[in-house]
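# Tertiary structure, described
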Amino acid sequence: MANPEEMREGMPEDRPEGMPGSMKEAIRAILGLFRTRERFVLTTHINPDGDGIGSEIALASWLRKRGKEVRVINHSPLPAVYRFLDPGGTVGEFDPDRDGPAIAGADVIVVLDTNHPDRLQSMKEAVLGSPATKVCIDHHLDPDPFASPALLDENATSTGEILYRLLFGEGDEGLTAEVATGLYCAIMTDTGSFRYPRTGPLTHTILSRLIACGADPVRIYAEVYERWSKGRIHLLGEVLAGLRTEFEGRLAHITITREMLSRTGTSEEDTDNFTTYPMSVDGVRVGILFLEIEGGVKISFRSKGMIPINALAMEFGGNGHKNAAGARIAGGETGEVRARVLSAALKYVTGGE
Ligand SMILES: [Mn+2]
């Protein structure tokens, strides 16, 4: 581990005091828009996760309580596992004919949990082409400057945590059970249930407020993690049986083929969090998941400590955080892609402890 001084840097409890002026300014500007504008569109990245969806649900609910007209529109359909957050079925999958006018006519478009228009996929053109004010709230690295105001904090555990600080930095007024549930789900999923490195005292202070205001930790965990299909468990069993280690046990990797998905009746979203398992092997510093997708391979990278696995992802056109990153490689046979990635991984596995 790094020395204690280094470790303290960027620790969550240091942030409120040390919040840069640009962030305070962004908060003021965004709250001003929330107060004065009427028509909002909220969106998040392709294949949305609990942070993207939870943040959308929380912000939509908060804005609607203030009498605002809010549409939530995403490139991808709402993953089944997050339907419990949206019992009214208000989260829509983008249809250019139906949703184009709403996007063009919005006063404000809020992009959550991504800072790159490319990640909006089919919605990119409609969002960038709209005269609406674009707001971005996110915690990923290397932001594209497409939105202003933008509230960005790469030290935050999740977009949900940033959203809490934005909406409830001055107090919990308006923190309904619905808003609290969305934010809790966002933080829970993006912290791997409160254990990833950026989880700190502020995270738990926020969680405590969310629970006090009606988020149910037992129910939210059960909805997200305890509703697996039998096929998904079978898929996991097969994937784990194929786990391999390299470089004297310092790297572990798993591979999921399209054939395995079709045989077990599962899909890409069923592989969510499978990266946990290679990282659970004693002595492993780097874990990699190779997932065959239509026309290529999707790769998820994880690392421990100071190993900057996003640099490895970038070598393959991807990006991400220091300890969690991803890349998509178009074309190429899975075995060949895997061999290339593993040989490039060697220098990361042996360096940067
Ligand atoms: Mn996130």
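Residues numbered from 1 in each chain as written. Predicted model: local features only at pLDDT ≥ 70, side-chain atom pairs only at ≥ 80, totals over all residues. Heavy atoms only, no water.

## Focus: the packing of aromatic side chains
Here a ring pair, both rings aromatic, is described through the centre-centre distance and the interplanar angle of the planes. Using the criterion set out here, one finds 7 aromatic pairs in the structure. Between the aromatic rings of Phe34 and Trp62, the centroid separation amounts to 5.9 Å while the plane-to-plane angle is 55°, which identifies the pairing as tilted. Separated by 28 residues along the polypeptide, Phe34 in helix H3 (residues 21-36) and Trp62 in helix H4 (residues 50-65) bring together distant segments of the chain. You can call Phe34 buried: its relative accessible area is 1%. Given the relative accessible area of 9%, Trp62 is considered buried. Consider the rings of Tyr184 and Phe194, whose centres lie 5.7 Å apart with planes at 70°: the pair is edge-to-face. One end of the pair, Tyr184, is in helix H8 (residues 177-190); the other, Phe194, is in the loop between H8 and helix H9 (201-212), with 10 residues separating them in the sequence. The class of Tyr184 is buried, set by a relative accessible area of 5%. (Phe/Tyr/Trp six-rings, centres within 6.5 Å; stacked < 30°, edge-to-face > 60°. Helix = DSSP H or I, 4+ residues; strand = E, 2+ residues; numbered from the N terminus. Buried < 20%, exposed > 50% of the residue type's maximum accessible area, 1.4 Å probe, protein only.)

## Some remarks on the domain arrangement of the protein chain
It is common to report an interface's size as the accessible area lost on association of the parts. What the domain assignment lists for the protein chain is domain 1 (4-224) and domain 2 (230-350). Each of domain 1 and domain 2 was reduced to a C-alpha centroid, and the two centroids are 27 Å apart. Taken together, the 13 residues of domain 1 in the interface contact 12 residues of domain 2. Counting the surface lost from both domain 1 and domain 2, the interface buries some 790 Å², and carbon and sulfur atoms represent 40% of this. In this assembly, domain 1 and domain 2 are joined by 0 salt bridges. The tally of links between domain 1 and domain 2 comes to 0 residue pairs in polar contact (both at pLDDT 80 or more). Tallied by class, residues from the side of domain 1 that touches domain 2 come to 6 nonpolar, 3 polar and 4 charged. (Domains from an automatic or database assignment. Contact = heavy atoms within 4.5 Å. Buried area = accessible area lost by both parts, 1.4 Å probe. Salt bridge = Lys/Arg side-chain N within 4 Å of Asp/Glu carboxyl O. Polar contact = N/O pair within 3.5 Å; in protein donor to acceptor, adjacent residues only side chain to side chain. Nonpolar A, V, L, I, M, F, W, Y, C, P; charged D, E, K, R; others polar.)

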